[in-house]
Amino acid sequence: MSEPPRVLLEHGAWPAYRLLDCGQGRKLEQFGDLRLIRGEPKAWWRPRRDPREWAAAHAEFGEDGRWMRMRADTPPRWTLAYEGLTLEARLSSGSKHVGVFPEQEPHWRWVRERLAAVKGAGTPPSVLNLFGYTGVATLTAAKAGAAVTHVDASKPALAWARENQRLSGMGDAPVRWLLDDAFKFVAREIRRGRRYDLILLDPPSFGRGPRGEVWKVENQIADLMDLLRKLVDPDSGAVVLTLYNLEASPLMLHNLTRDAFPKGALEVGELVLGGDEGAPRLPLSLFARWAGAAD
Ligand SMILES: C[S@@+](CC[C@H](N)C(=O)[O-])C[C@H]1O[C@@H](n2cnc3c(N)ncnc32)[C@H](O)[C@@H]1O
């Protein structure tokens, strides 16, 4: 079987986000009005911009796991607009994550386009977002007319996702916000005979379910992909997997996905942040996008 070409998906024109520079294990980003510095293990090259520009950032996430506010006018929370959504970004102690993964934007765009293609076909398409975090993909799918089931093991992440729903004025959107272990939830859905048109999953390398269930991607991802095969229609369904593991490769994702989905269209590759004004492009994660044989 010939290996598929590797696809580079670059984040599109999202005015609220800019990758200003990266290098020496760090990245300088702009989220709305705020300029932040965060660690970036893949940025092995040298940064391009004047060091004074880095020094002018609002805050930096330090190796001690804390945000150092470099400027007094740095708010702990602020909002970002994305395609009609209002998303809350935060500087939370102990985490370098601010509430959105900008490199996921090509997935959000693809979800919108895919759902637009099936819009008006009777019942709303059903979407399952596993490891859904703050719900950008969930709200994007709901805004595109889907009924969405969002599963995450973290109560604070679910509360943040609901806040994004409120801020976006989407209180009536057909979203099920579920606090659950992704693996257990999928097994239960299969027993219930449920089916989804589109499944998104972006598992961490390591995580815990709400009752302490251990998630280790290298031990469980193959079994989870196998289970997902029973939740999507082999002809009209689609699955989008994203992995951030440094040791993973596009060919690994290809083999993993083909194991569970031998037929149908398959794209694998990297999610890349496009740099501003000559800043190097930054590869951040890998993805596999499978769509049923009817596609
Ligand atoms: C990398 S984040 C996902 C980011 C998300 N795709 C996005 O674009 O916003 C991983 C999420 O997995 C959740 N998680 C970790 N272990 C889990 C488990 N066993 N079951 C369900 N969710 C889990 C974490 O709470 C976290 O919100």
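This brings us to the side chain of Ser-285. Examined against the element boundaries, Ser-285 turns out to sit in strand 17 (residues 282-291). For Ser-285, the residues in contact, after removing those within four places along its chain, are Lys-42, Glu-103, Thr-242, Leu-243, Tyr-244, Gly-269, Glu-270 and Leu-271.

A word on the site of the ligand. In the vicinity of the ligand lie 16 residues, with Tyr-133, Asp-152, Asp-181, Ala-182 and Asp-202 positioned nearest. Contact distances for the ligand include 2.8 Å between a nitrogen atom and a side-chain N or O atom of Asp-181. Within the backbone of Ala-182, an N or O atom sits 2.9 Å from a nitrogen atom of the ligand. Expressed as a share of its isolated accessible area of 600 Å², the protein-covered part of the ligand is 88%. Class assignment of the residues belonging to the shell around the ligand gives a composition of 7 nonpolar, 4 polar and 5 charged.

Moving on, we get to the pairing of strand 17. With 9 of 10 residues buried, strand 17 is to be regarded as a mostly interior element. By the bridge criterion, 9 bridges tie strand 16 (residues 265-273) to strand 17 in an arrangement that is antiparallel. In the sheet register, Val-272 faces strand 17, and the bridge partner there is Pro-283.

Okay, the packing of helix 6 (residues 217-229) against helix 7 (residues 250-260) next. Orientation of helix 6 relative to helix 7, taken along the N-to-C sense of each, is 40 degrees, at an axis distance of 8 Å. Put simply, helix 6 runs oblique to helix 7. Classified by chirality, the crossing of helix 7 by helix 6 is right-handed. Contacts between helix 6 and helix 7 pair Ile-221, Ala-222, Met-225, Asp-226 and Arg-229 from the former with Leu-256, Thr-257, Asp-259 and Ala-260 from the latter. For the contact of helix 6 with helix 7, the residue count by class is 5 nonpolar, 1 polar and 3 charged.

Let us now look at the environment of Val-100. Within the secondary structure layout, Val-100 lies in the loop between strand 8 (85-90) and helix 2 (105-118). Considering only alpha carbons, one finds Val-100 and Gly-132, 32 residues apart in sequence, at a separation of 11 Å. Those residues within four positions of Val-100 in sequence are excluded, and the remaining contacts are Trp-14, Phe-31, Leu-80, Leu-87, Tyr-133 and Val-136.

Basis of the calculations
- Residues numbered from 1 in each chain as written.
- Predicted model: local features only at pLDDT ≥ 70, side-chain atom pairs only at ≥ 80, totals over all residues.
- Heavy atoms only, no water.
- Helix = DSSP H or I, 4+ residues; strand = E, 2+ residues; numbered from the N terminus.
- Contact = heavy atoms within 4.5 Å.
- Near = heavy atom within 4 Å.
- Polar contact = N/O pair within 3.5 Å; in protein donor to acceptor, adjacent residues only side chain to side chain.
- Areas by Shrake-Rupley, 256 points an atom, 1.4 Å probe, with all protein chains shown as cover.
- Nonpolar A, V, L, I, M, F, W, Y, C, P; charged D, E, K, R; others polar.
- Buried < 20%, exposed > 50% of the residue type's maximum accessible area, 1.4 Å probe, protein only.
- Pairing = 2+ DSSP bridges.
- Axes fitted to C-alpha atoms, helices over the stretch in contact; angles between N-to-C directions.
- Parallel < 35°, antiparallel > 145°, perpendicular 65-115°, else oblique.
- Left-handed = near helix turned anticlockwise from the far one by under 90°.

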